[in-house]
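# Breakdown of the fold
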Amino acid sequence: MCVEPTLRSTEATTHHLALFTRMHLTTEEKIELGFKERGSINLAFVGKDSDEQPELTVDIEEPHTEALEEPVDKGGDLVYSLNDRPPWYLCILLGFQHYILAFGGIIAIPLILAEPLCIKDNNAAKSQLISTIFLVSGLCTLMQTAVGTRLPILQGGTFSFITPTLAILALPKWQCPAPKAPGILSMPLQNSTSPLQMEDSDEVWMSRMREIQGAILVSSLLQIILGFSGLVGLVLKFIGPLAIAPTINLIGLSLFIEAGKKCGGHWGIAALTVGLILLFSQYLSKVDVPMIAYKDKKWKVFQYPLFKLFSALFGMCGGWLVCFLLTIFDVLPSKSDEYGYSARTDISLEAVTNSPWFHVPYPGQWGMPTVSVSSVLGMMAGVLASTMESIGDYYACARLSGAPPPPTHAINRGIAVEGIGCILAALWGTGNGTTSYSQNIAALGITKVGSRLVLQTTGILMVVLGIFGKFGAVFITIPDPVIGGMFLVMFGMIAAVGISNLQYVDLNSSRNLLILGFSTFSGLVLPSWFHSNPGIIDTGIQELDQVIVVLFTTHMFIGGFFGFILDNTIPGTEKERGIKNWQDKVQGESKNMCDQSCYDIPFCNSVLKRFKCFQYLPFLPAYKTSQEGMSK
């Protein structure tokens, strides 16, 4: 259920009673279920205010008053859904968990770009890039959750931009100067490095960064146009489960190689991490941990689903702790060419030492961005791929957070805000753009916490902690096998969410099986072939070559593209395609749980309804209302 934060307890009570009448369980079964799963029952169910329940809240209380501001039937057994407001301390802990989950993906981008940017051994420059990308990711997360789609989606660096970035930096004029730069960069960045050498080495990589900034800055305007013009929403009218399923599915499946590489560093540690996450999220999810709280001048004991809420965090910390102990007692090998070395926690300690305590990034810190046509056209392919991936993420996030499928205006606005976020990333100079993060969406399904407020807290934490260079650098010491174990669970969850969209499709139809199989399989085959045959595309136009390579090496784009084209060109009834069932069941039943007001822009609703001109802007909530009115 999505209850607006401003609702009073009596309104919430009425909403709970209305929901109970639509459910199959009896009232007695509801009460029994409430005691079994929550450890207490709130008398708001029978019309009492939370302050008038002394008999049932003497021993067990506080967090459950807030946790039960949701229907028992949320479809996903959510502890907190979209508009629920967990206590502040839970928001910080859960927000920090999302910070940890996104850390590996965000930190990977500046580390991948370090070598082509000619800062492979320049830890000071890498530290500045890390601080910058975290600060911008936090700002973009706050924008997306507040005025974008308003779904609990974390924004971070996108891998869709890495391929065109590497293609740009591979051009002859941007190759690193072999004789001079490596010697300078390998020197300690202490007093022994002369100011002239430092200035020269900075200019080497800053000039490359400015080229990437200019490409992202201009190409991101395409994403803003697609969102604010409503072109994305128009295309969505032709997108059904057979296009959405392979798109979301391939988000998870396409990363199996990266997960395998990280797990392969030490399969025992990776298996331990997976086992701990499964233990906490599944086997112990119904186990409530006794906790103590002080309220009304006395101590009270309450039961709390601690393992369910922090399963991913506990699992990763458990694996990290084991690696730390094995490193301390020198059980793991100390030579880099031996199996298990990557599980050590002291490999990246140098990055912690060389990171500054404070670094406040600012726009234009690397200089004025430069623009070239070839760079912009190549980067536009990354923008298109990122846009399609984000649309799939919106549907997956809505499903896992207990919200109805995002309406057209929310998707339009979300894509436009992502474009604005990419422009901010270009101005600050992250070397990348921003997009929705699939692993954090998967975490919603594992932790059963889909609160928007939690992700807004994550955004604030990313901004604040991005300024503390030492703090962020500590997490570079998380071993690869631990991150790989987390990837196995998280990306598997995303793939499963994509498959779940097929429940509305007639899977006995050979037409649907052909579309699903071909789009999914081609989304794995074509990118793999292009990676194995670099330089195979040669049209004589370098910019066109870059566009083709980027698009055909993006798994989600290939799967979604073929699914969309085949589903709309091969004859089939709406029932067979699942369009009708998908709209009726997903959208209709979800509206019973949570109407689409959860996608409204805060503080602007009354103004938008007052003036009719807003009904024609496809990125505002009034747009869909007007369209429905005209259709009636």
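We now turn to the structure provided with this report. A quick note: this is a predicted structure, and the numbers were derived from the prediction, not measured. (Residues numbered from 1 in each chain as written. Predicted model: local features only at pLDDT ≥ 70, side-chain atom pairs only at ≥ 80, totals over all residues. Heavy atoms only, no water.)

What follows deals with the nonpolar core. Counting 107 residues, the largest nonpolar core has Tyr 99, Phe 134, Leu 151, Leu 309, Met 486 and Met 490 as the members making the most contacts within it. If sequence neighbours within four positions are ignored, Leu 309 has contacts with Val 79, Leu 90, Leu 94, Gln 97, Tyr 304, Thr 447 and Val 449. (Core = buried A, V, L, I, M, F, W, Y, C linked by side-chain atoms within 4.5 Å. Buried < 20%, exposed > 50% of the residue type's maximum accessible area, 1.4 Å probe, protein only. Contact = heavy atoms within 4.5 Å.)

Turning our attention to the side chain of Ser 131. With respect to the element layout, Ser 131 can be found in helix 5 (residues 123–146). Since its relative accessible area comes to 4%, Ser 131 is described here as buried. Beyond its immediate stretch of four places on either side in the chain, Ser 131 contacts His 359, Pro 361, Gly 466 and Gly 469. (Helix = DSSP H or I, 4+ residues; strand = E, 2+ residues; numbered from the N terminus.)

Turning our eyes to something else, we now look at the pattern of salt bridges. For the structure shown, the criterion picks out 6 salt bridges. The salt bridge involving Asp 330 is made with Arg 344; its shortest N-O contact spans 3.5 Å. Here Asp 330 is found in the loop between helix 14 (311–328) and helix 15 (349–354), whereas its partner Arg 344 is found in the loop between helix 14 and helix 15, with 14 residues between them in sequence. Under the relative-accessibility criterion, Arg 344 is labelled buried at 9%. Arg 511 is the salt-bridge partner of Asp 567, the closest N and O atoms lying 3.0 Å from each other. Placement of the pair is Asp 567 in helix 24 (residues 555–569) and Arg 511 in helix 22 (residues 510–532), with a sequence separation of 56 residues. The buried category is assigned to Arg 511, whose relative accessible area is 8%. The structure contains a network of salt bridges with shared partners spanning Asp 330, Arg 344 and Asp 346. (Salt bridge = Lys/Arg side-chain N within 4 Å of Asp/Glu carboxyl O.)

Orientation of helix 10 (residues 241–253) relative to helix 22, taken along the N-to-C sense of each, is 30 degrees, at an axis distance of 10 Å. On the basis of their axis angle, the class for helix 10 and helix 22 is roughly parallel. You can see that helix 10 and helix 22 cross each other, and the crossing is right-handed. Note on element contacts: helix 22 touches helix 10 through Arg 511, Asn 512, Ile 515, Leu 516, Ser 519, Thr 520, Gly 523 and Leu 524, opposite Leu 242, Pro 246, Asn 249, Leu 250 and Leu 253. Here the contact of helix 10 with helix 22 is built from residues that sort into 7 nonpolar, 5 polar and 1 charged. (Axes fitted to C-alpha atoms, helices over the stretch in contact; angles between N-to-C directions. Parallel < 35°, antiparallel > 145°, perpendicular 65-115°, else oblique. Left-handed = near helix turned anticlockwise from the far one by under 90°. Nonpolar A, V, L, I, M, F, W, Y, C, P; charged D, E, K, R; others polar.)

Here the focus is the packing of helix 12 (residues 267–283) against helix 21 (residues 480–500). Where helix 12 meets helix 21, the axes come as close as 8 Å, and the angle between the chain directions of the two elements is 45 degrees. Judged by the angle between their axes, helix 12 and helix 21 are oblique. Here the hand of the crossing between helix 12 and helix 21 comes out right-handed. Contact with helix 12, carried on its side by Trp 267, Ile 269, Ala 270, Thr 273, Val 274 and Ile 277, involves Pro 481, Val 482, Gly 485, Met 486, Leu 488 and Val 489 of helix 21 and no other residues of that element. Of the residues that constitute the contact of helix 12 with helix 21, the class distribution is 10 nonpolar, 2 polar and no charged.

In this section: the state of the cysteines. Within this structure, the stated rule accounts for 1 disulfide. Paired through a disulfide, Cys 118 and Cys 176 show a sulfur-sulfur distance of 1.9 Å. Negative torsions about the S-S bond denote left-handed disulfides, and the value of about -100 degrees found for Cys 118 with Cys 176 makes this one left-handed. Of this pair, Cys 118 sits in the loop between helix 4 (88–114) and helix 5 while Cys 176 is found in the loop between helix 6 (162–169) and helix 7 (181–185), placing the two residues 58 residues apart along the sequence. The partly exposed category is assigned to Cys 176, whose relative accessible area is 34%. (Disulfide = S-S within 2.5 Å.)

As a further point, take a nonpolar patch on the surface. Side chains of Leu 321, Phe 324, Leu 325, Ile 328, Phe 329 and Val 331 sit close together on the surface and give an oily, nonpolar patch of about 630 Å² of accessible area. What makes Ile 328 exposed here is its relative accessible area of 54%. (Patch = residues over 30% accessible without salt bridge, like charges linked within 9 Å, V, L, I, M, F, W, Y side chains within 5 Å. Areas by Shrake-Rupley, 256 points an atom, 1.4 Å probe, with all protein chains shown as cover.)

Checked against the element boundaries, Gly 402 lands in the loop between helix 16 (373–400) and helix 17 (408–428). We classify Gly 402 as buried; its relative accessible area is 5%. Along the sequence, Gly 402 and Gly 445 sit 43 residues apart, while their C-alpha atoms lie 10.0 Å from each other.

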